[in-house]
Amino acid sequence: MTMIDPQDRSSGTEAPPRYPHRHLLGIEGLTRSDIDNLLDRSDGYVEQNRRADKKNASLRGRTLINLFFENSTRTRTSFELAGKRLGGDVINMSVGTSSIKKGESLIDTAMTLNAMHPDALVVRHGESGAVQLLAQKVNCAVVNGGDGSHEHPTQALLDALTIRRRLGRLEGLEVAICGDVTHSRVARSNIHLLSIMGARVRVVAPPTLLPSGIERMGVEVHHDMRTGLKGCDIVMMLRLQTERMRGSFVPSVREYFRYFGLDEIKLRLAKPDALIMHPGPMNRGVEIDSVVADDIDRSLIREQVEMGVAVRMAVLEALVENQTEPWAKNDPYAAGAA
Ligand code: NCD
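Residues numbered from 1 in each chain as written. Predicted model: local features only at pLDDT ≥ 70, side-chain atom pairs only at ≥ 80, totals over all residues. Heavy atoms only, no water.

Student: So what's going on with helix α1 (residues 32–49)? Residues and values would help.
Tutor: Look at α1: 25 Å from first C-alpha to last across 18 residues, which is about the 26 Å you get at 1.5 Å a residue. By the criterion of burial, α1 is predominantly enclosed, with 14 of the 18 residues buried. (Helix = DSSP H or I, 4+ residues; strand = E, 2+ residues; numbered from the N terminus. Expected span 1.5 Å × (residues − 1). Buried < 20%, exposed > 50% of the residue type's maximum accessible area, 1.4 Å probe, protein only.)

Student: Could you give me a rundown of the nonpolar core, with the residues and numbers involved?
Tutor: In this structure, Leu157, Ile177, Leu193, Val235, Leu262 and Leu316 are the most contacted members of the largest nonpolar core, which totals 85 residues. When residues of this core are assigned to their parent elements, the largest contribution, 12 residues, is made by helix α11 (residues 301–321). Leave out the neighbours within four places in its chain, and valine 235 touches Ala176, Cys178, Leu229, Leu262, Leu267, Ala270, Leu275, Ile276 and Met277. Membership of the second largest hydrophobic core comes to 17 residues, among which are Leu113, Leu121, Ala130 and Val131. (Core = buried A, V, L, I, M, F, W, Y, C linked by side-chain atoms within 4.5 Å. Contact = heavy atoms within 4.5 Å.)

Student: So what about the pattern of salt bridges? Which residues, and what values?
Tutor: Under the definition given, this model contains 20 salt bridges. The residue arginine 164 makes a salt bridge to aspartate 40 at a minimum N-O spacing of 2.9 Å. Within this pair, whereas arginine 164 is found in helix α5 (residues 153–167), its partner aspartate 40 is found in helix α1, the two being separated by 124 residues in sequence. A residue is classified by how much of its surface remains accessible, and arginine 164, at 8% relative accessible area, is buried. The salt bridge partner of glutamate 80 is lysine 84, with a shortest N-O separation of 2.8 Å. Of this pair, glutamate 80 and lysine 84 both sit in helix α2 (residues 74–85), separated by four residues, roughly a single helical turn. Judged by its relative accessible area of 18%, glutamate 80 is buried. (Salt bridge = Lys/Arg side-chain N within 4 Å of Asp/Glu carboxyl O.)

Student: How would you sum up the site of the ligand? Please name residues and give values.
Tutor: Looking at the ligand, the residues that line it are Arg74, Thr75, Arg124, His152, Gln155, Arg185, Val186, Arg239, Gln241, Pro279, Gly280 and Pro281. One of the side-chain nitrogen or oxygen atoms of histidine 152 is found 2.7 Å away from an oxygen atom of the ligand. Within the contact set of the ligand, a nitrogen atom lies 2.9 Å away from a backbone nitrogen or oxygen of glycine 280. Considering the ligand on its own, with 310 Å² of exposed area, one finds that the protein chains cover 95% of that surface. Among the secondary structure elements, those contributing two or more residues to the shell around the ligand are α2 and α6 (185–196). (Near = heavy atom within 4 Å. Polar contact = N/O pair within 3.5 Å; in protein donor to acceptor, adjacent residues only side chain to side chain. Areas by Shrake-Rupley, 256 points an atom, 1.4 Å probe, with all protein chains shown as cover.)

Student: Report on the environment of serine 248, specifying residues and quantitative values.
Tutor: Checked against the element boundaries, serine 248 lands in the loop between β8 (234–237) and α8 (253–260). It is 9.1 Å that separates the C-alpha atoms of serine 248 and threonine 208, two residues lying 40 residues apart in sequence.

Student: Requested: an account of the sheet that holds β8, with residues and values cited.
Tutor: Spatially, the five strands line up as an open sheet ordered β7-β6-β5-β8-β9, and their pairing is parallel. Looking along the sheet, the strands with just one partner apiece sit at the ends: β7 (220–222) and β9 (275–277). When the angles between neighbouring strand axes are averaged without regard to direction, this sheet yields 20 degrees. Sheet analysis places β8 next to β9, joined by three bridges and oriented parallel. Across the sheet, the residue bridging to isoleucine 234 is leucine 275, located in β9. (Pairing = 2+ DSSP bridges. Axes fitted to C-alpha atoms, helices over the stretch in contact; angles between N-to-C directions.)

Student: If you had to explain the packing of aromatic side chains to someone new, which residues and values would you point to?
Tutor: Applying the stated rule across the entire model yields one aromatic pair. Consider the rings of tyrosine 256 and phenylalanine 260, whose centres lie 5.9 Å apart with planes at 25 degrees: the pair is stacked. Taken together, the positions of tyrosine 256 and phenylalanine 260, both in helix α8 and four residues apart, correspond to about one turn of that helix. Residue tyrosine 256 shares its accessibility class with phenylalanine 260, and that shared class is buried. Just above the ring of phenylalanine 257 sits the side chain of lysine 266; from NZ or CZ to the centre is 5.7 Å. (Phe/Tyr/Trp six-rings, centres within 6.5 Å; stacked < 30°, edge-to-face > 60°. Lys NZ or Arg CZ within 6 Å of the ring centre and 35° of its normal.)

Student: Talk me through the pairing of strand β1 (residues 63–68); I want residue IDs and the actual numbers.
Tutor: Within β1, five of the six residues are buried, which leaves it mostly tucked inside the rest of the structure. One ladder, built from six bridges, connects β1 with strand β2 (residues 89–94); its direction is parallel. Residue pairing for β2: asparagine 66 is matched across the bridge by asparagine 92. Note on the crossover from β1 through α2 to β2: the handedness is right-handed. Relative to strand β3 (residues 120–125), β1 runs parallel, the two being bridged by five bridges. If you follow leucine 64 over to β3, its bridge partner there is alanine 120. (Right-handed = clockwise from strand over helix to strand, strands pointing away.)

Student: Before we move on, can you summarise the pairing of β3 with the specific residues and values?
Tutor: Each regular strand carries side chains that alternate between the two faces of the sheet. Burial runs high along β3: six of the six residues are buried. Judged by which residues are buried, β3 turns out to be covered on both faces: Ala120, Val122 and Arg124 on one side and Leu121, Val123 and His125 on the other are all buried. Across five bridges, the pairing between β3 and strand β4 (residues 141–147) is parallel. From the neighbouring strand, valine 122 faces β4, where its bridge partner is valine 143. Handedness of the crossover joining β3 and β4 through helix α4 (residues 130–135) is recorded here as right-handed.

Written as structure tokens, this is what we have:
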């Protein structure tokens, strides 16, 4: 694992390894070394973010646009801070879903923004695949800030960084991802990333909250927390994504909590020092009990938020590093490689 000091641009004899893609649209398709590259860079930014002066100039003169078609608190703020700490100009656009229709209007928005020459666009959208579509239309780097129930790559990277910094590795860990897997882009990105990095993933949920064919992603499937949590190192809880549900997926919230909510009793089934994660926003008393969510020794939920800023700085830095000037005329990936 190579540590990269993000401040150090000149002294080393060899150039730091590059992240070899134009965009970050998902974890699927990345290699172990792509992921290591981003996590190693992020480690440097964690240190930078803990100093009084948190800024460097990696994005000086660059423009980042946050284009959020879905509501978000932590992800948008995190990208905004990341862009500003790298010295970039950051514009936030929250697009009310009611005023935006799919298809042409999404492309129109993208083309309008593209004409203003941003260097990076962070896009969150309610439809799976929308961010990829938009990435094909613009000249700048695109980061997927979450598309429907498809992928949320920076969340998986920040989760991996959180685990790696606490346990020193990802390889060989047993990770239980529990709850509404069907509607979760966080689950999908994490399954890809953890599998690529050599961890073993189980998903634990009622059958109604597991997509059919999920085993094909290489995960072990459990419908009971008692077997699903047994001996695991990490318990990753997911929010019930009611806004994506068409119809009824659980009999009642009370019953859901009783069988699938994480509380102290169920947590005893995991390894004695198992750690708890949740991407937020949390629904206390629905998928997680406050006693375990707030356990300062075992809950990593606050660290996850801290790691989010560092990971997003690393991603933005890695993407703009690939941009040569003048970007639009001299696109090293012009052949259409992602
Ligand atoms: C997640 C998301 O938006 O997919 N939240 C986040 O980015 N921190 C998970 C969720 O909304 O439940």
